[in-house]
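Observations on the model geometry
Now for the letters of each chain:
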Amino acid sequence: MERQYKHLSSPITIGRKTFRNRMFSAPMGGTDITNDGCIGPKSTAFYELRAKGGAAAVTVSECMVHKTDGSHAYRLDESILNSLAGATYAADAIRRHGAIPSLELSHSGMFAGTYMTDKTKQHELVQYGPCDTVRADGVKVKALDEELITEIVHAYGHVASLAKRAGFEMVMIHGGHGWLINQFLSPLFNHREDEYGGSLENRCRFAIRVLKSVREAVGPDFLIEFRMSGSEFTEGGYGLEDGVEIAKMIEPYVDIIHVSADS
């Protein structure tokens with residue numbers, strides 16, 4: 001019998017990192033995310049099982065990078081007790097079974113707080129996105145100004161440096177699924193008239209600034225994976241042709257492009 005994916009179980013080297021096979025465990029949410037965003041023991045055990053099962057890399061699900069995102073996931077912040085320690089335990093648990101530990105970095109943008117664990121704060125948030133708008137659920141969204149954009153760009157780099165310090169060997173920058181980076185990439189959400197809007201090149205500017213910030217923070221040998229939607233599959237969003245062009249613009253700044261939607 002001829003195997004359809006004959007290289008799936010073969011090692012692959014990307015940069016200076018060798019993966020034991022071509023099977024990567026994509027980010028999935030943990031089970032005990034605390035209100036202050038620490039990775040708890042149940043989540044650590046969940047990710048450890050992915051490594052024990054044979055995945056070459058295991059990505060811990062969304063780590064929020066900035067205070068403007070009061071969302072549903074982890075935080076890596078040296079000012080939060082046990083934050084760095086919890087992340088270190090998770091990275092070590094993944095590595096002890098031969099897998100490469102990775103951490104997904106994200107910002108929910110205009111959808112911040114949608115699945116927030118602390119419900120008392122959910123409606124106190126100011127929602128930020130590329131443009132002033134009103135969400136379908138009636139929540140008002142404010143456009144990010146240049147000062148906040150720059151602050152969030154720097155935050156991506158800072159949290160990436162903390163991930164490296166905690167023992168993660170790569171990071172995944174979440175640029176798909178309607179979260180903030182995707183909101184800038186998408187003509188559905190991005191109607192800006194400045195350097196971040198209009199042309200595809202302009203809509204990629206925020207993503208590229210984020211990736212440059214991360215690279216500066218982690219150095220040349222630390223792997224960066226970029227997760228993107230190949231096509232948005234929705235009226236007003238970008239299609240596969242633009243998805244290919246986005247990937248081409250992103251490619252010089254990353255080691256791996258992860259396409260999680262396609263035609």
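Scroll up a little and you will see the structure.
Residues numbered from 1 in each chain as written. Predicted model: local features only at pLDDT ≥ 70, side-chain atom pairs only at ≥ 80, totals over all residues. Heavy atoms only, no water.

Let's talk about the packing of aromatic side chains
Given two aromatic rings, their pairing is described by the distance between the two centres and the angle made by the two planes. What the rule picks out here adds up to six aromatic pairs. Measuring from centroid to centroid gives 5.3 Å for Phe-46 and Tyr-47, while their planes differ by 80 degrees, and the two rings are edge-to-face. Assessed through its relative accessible area of 22%, Phe-46 is described here as partly exposed. An aromatic cluster of at least three residues, connected via ring pairs, comprises Phe-111, Trp-179 and Phe-189. (Phe/Tyr/Trp six-rings, centres within 6.5 Å; stacked < 30°, edge-to-face > 60°. Buried < 20%, exposed > 50% of the residue type's maximum accessible area, 1.4 Å probe, protein only.)

Observations regarding the side chain of Arg-227
Structurally, Arg-227 can be placed in strand S11 (residues 223-228). For Arg-227, the side chain forms a polar contact with the side chain of Glu-104, separated by 3.3 Å. Separated by 3.5 Å, the side chains of Arg-227 and His-258 make a polar contact. What Arg-227 contacts, discounting residues up to four positions off in sequence, is Ala-26, Pro-27, Glu-104, Met-172, Ile-173, His-174, Gly-175, Gly-176, His-177, His-258 and Ser-260. (Helix = DSSP H or I, 4+ residues; strand = E, 2+ residues; numbered from the N terminus. Polar contact = N/O pair within 3.5 Å; in protein donor to acceptor, adjacent residues only side chain to side chain. Contact = heavy atoms within 4.5 Å.)

Digging into unusual backbone geometry
In this structure, Asn-82 is a non-glycine residue whose phi angle is positive, near 75 degrees. Of note, the phi angle at His-177 is positive, near 60 degrees, even though the residue is not glycine. As for its position among the elements, His-177 is in the loop between strand S10 (170-174) and helix H5 (180-185). For His-177, a relative accessible area of 41% translates into the label partly exposed.

So, the packing of helix H4 (residues 146-166) against helix H7 (residues 205-218)
Two elements in contact, H4 and H7, have axes separated by 8 Å at closest approach and are oriented at 35 degrees. As for the relative orientation of H4 and H7, their crossing is right-handed in sense. Here H4 contributes Glu-146, Ile-149, Thr-150, Ile-152, Val-153, His-154, Tyr-156, Gly-157, Ala-160, Ser-161 and Lys-164 to the contact with H7, which in turn contributes Phe-206, Arg-209, Val-210, Ser-213, Val-214, Ala-217 and Val-218. Its residues assigned to classes, the contact of H4 with H7 shows 10 nonpolar, five polar and three charged. (Axes fitted to C-alpha atoms, helices over the stretch in contact; angles between N-to-C directions. Left-handed = near helix turned anticlockwise from the far one by under 90°. Nonpolar A, V, L, I, M, F, W, Y, C, P; charged D, E, K, R; others polar.)

Notes on the pattern of salt bridges
Going through the model one piece at a time under the given rule, you end up with 11 salt bridges. In this structure, Arg-96 engages Glu-48 in a salt bridge whose closest nitrogen and oxygen atoms are separated by 3.0 Å. Residue Arg-96 is located in the loop between helix H2 (83-95) and strand S6 (100-106), and its partner Glu-48 is located in helix H1 (residues 41-52); the two are separated by 48 residues in the primary sequence. Owing to a relative accessible area of 55%, Arg-96 belongs among the exposed residues under this scheme. One network of salt bridges, in which partners are shared, links Lys-17, Asp-92, Arg-95 and Glu-169. (Salt bridge = Lys/Arg side-chain N within 4 Å of Asp/Glu carboxyl O.)

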